[in-house]
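Chain by chain, the residues run as shown.
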Amino acid sequence: MSETNREKQLLKPGTIVVHFKRNFTSGTDPFEYLYEIIGVCLHSETMEELVVYKALYGTKKLYCRPKDMFLSLVDQEKYPDAKQTYRFEYYCNSFSQI
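What counts, and at which threshold
- Residues numbered from 1 in each chain as written.
- Predicted model: local features only at pLDDT ≥ 70, side-chain atom pairs only at ≥ 80, totals over all residues.
- Heavy atoms only, no water.
- Helix = DSSP H or I, 4+ residues; strand = E, 2+ residues; numbered from the N terminus.
- Buried < 20%, exposed > 50% of the residue type's maximum accessible area, 1.4 Å probe, protein only.
- Contact = heavy atoms within 4.5 Å.
- Salt bridge = Lys/Arg side-chain N within 4 Å of Asp/Glu carboxyl O.
- Phe/Tyr/Trp six-rings, centres within 6.5 Å; stacked < 30°, edge-to-face > 60°.
- Lys NZ or Arg CZ within 6 Å of the ring centre and 35° of its normal.

(A) Layout of the side chain of R6. Along the chain, R6 turns up in helix α1 (residues 3-10). On the basis of relative accessibility, which here comes to 9%, the residue R6 falls in the buried class. Apart from residues lying up to four places away in sequence, R6 is in contact with M1, L71, Y86 and F88.

Okay, here's the thing in structure tokens:
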């Protein structure tokens, strides 16, 4: 899949993504490290694109992260046992599919 297609699939509002640290947990919460994409917004001063996403576990907080960082590769030197290639990867189309 091309980077452009990956980005379109991943950043579509409602899409569920998984953070690479999910592979390191032994928790019992089936939603741990799963997030719902809310959308992409712009920083009001720098115009940098930010991804807004909501945790599907715990207090279900909203987060935002620079788009480049959101789409980045996992640091394999820091996390050599990471199973995912990217920090966030596609999980499913919507919450109803979990």
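(B) Just the environment of T85, in detail. By the element assignment, T85 lies in the loop between α2 (67-70) and β5 (88-92). With near-sequence residues (within four places) excluded, T85 lies in contact with L73 and V74.

(C) Molecular detail of the pattern of salt bridges. Under the counting rule described, the total for this entry stands at two salt bridges. E7 serves as the salt-bridge partner of K67, at 2.7 Å between the closest nitrogen and oxygen. With K67 in helix α2 and E7 in helix α1, this pair connects stretches of sequence that are 60 residues apart. When its relative accessible area of 12% is taken as the criterion, K67 is described as buried. A residue is classified by how much of its surface remains accessible, and E7, at 27% relative accessible area, is partly exposed. E49 is the partner of K67 in a salt bridge, and the nearest nitrogen-oxygen pair spans 2.8 Å. Residue K67 is located in helix α2, and its partner E49 is located in strand β3 (residues 49-55); the two are separated by 18 residues in the primary sequence.

(D) Seen up close, the packing of aromatic side chains. Applying the stated criterion across every chain yields a total of ten aromatic pairs. Centroid distance F20 to Y79: 4.8 Å. Interplanar angle 70 degrees. Geometry classified as edge-to-face. Linking F20 in the loop between β1 (16-19) and β2 (34-42) with Y79 in the loop between α2 and β5, this pair joins segments that are 59 residues apart in sequence. Its relative accessible area of 3% is what places F20 among the buried residues. With relative accessibility at 22%, the residue Y79 sits in the partly exposed group. Each ring, one from Y35 and one from Y53, has its centre 5.3 Å from the other, and the planes form 85 degrees; the classification is edge-to-face. Placement of the pair is Y35 in strand β2 and Y53 in strand β3, with a sequence separation of 18 residues. Comparing Y35 with Y53, the two get one shared label, buried. A connected cluster of aromatic rings, assembled from ring pairs, spans Y33, Y35, Y53, Y57, Y63, F70 and F88. R6 extends its terminal NZ or CZ atom over the ring of Y86, reaching a point 3.5 Å from the ring centre.

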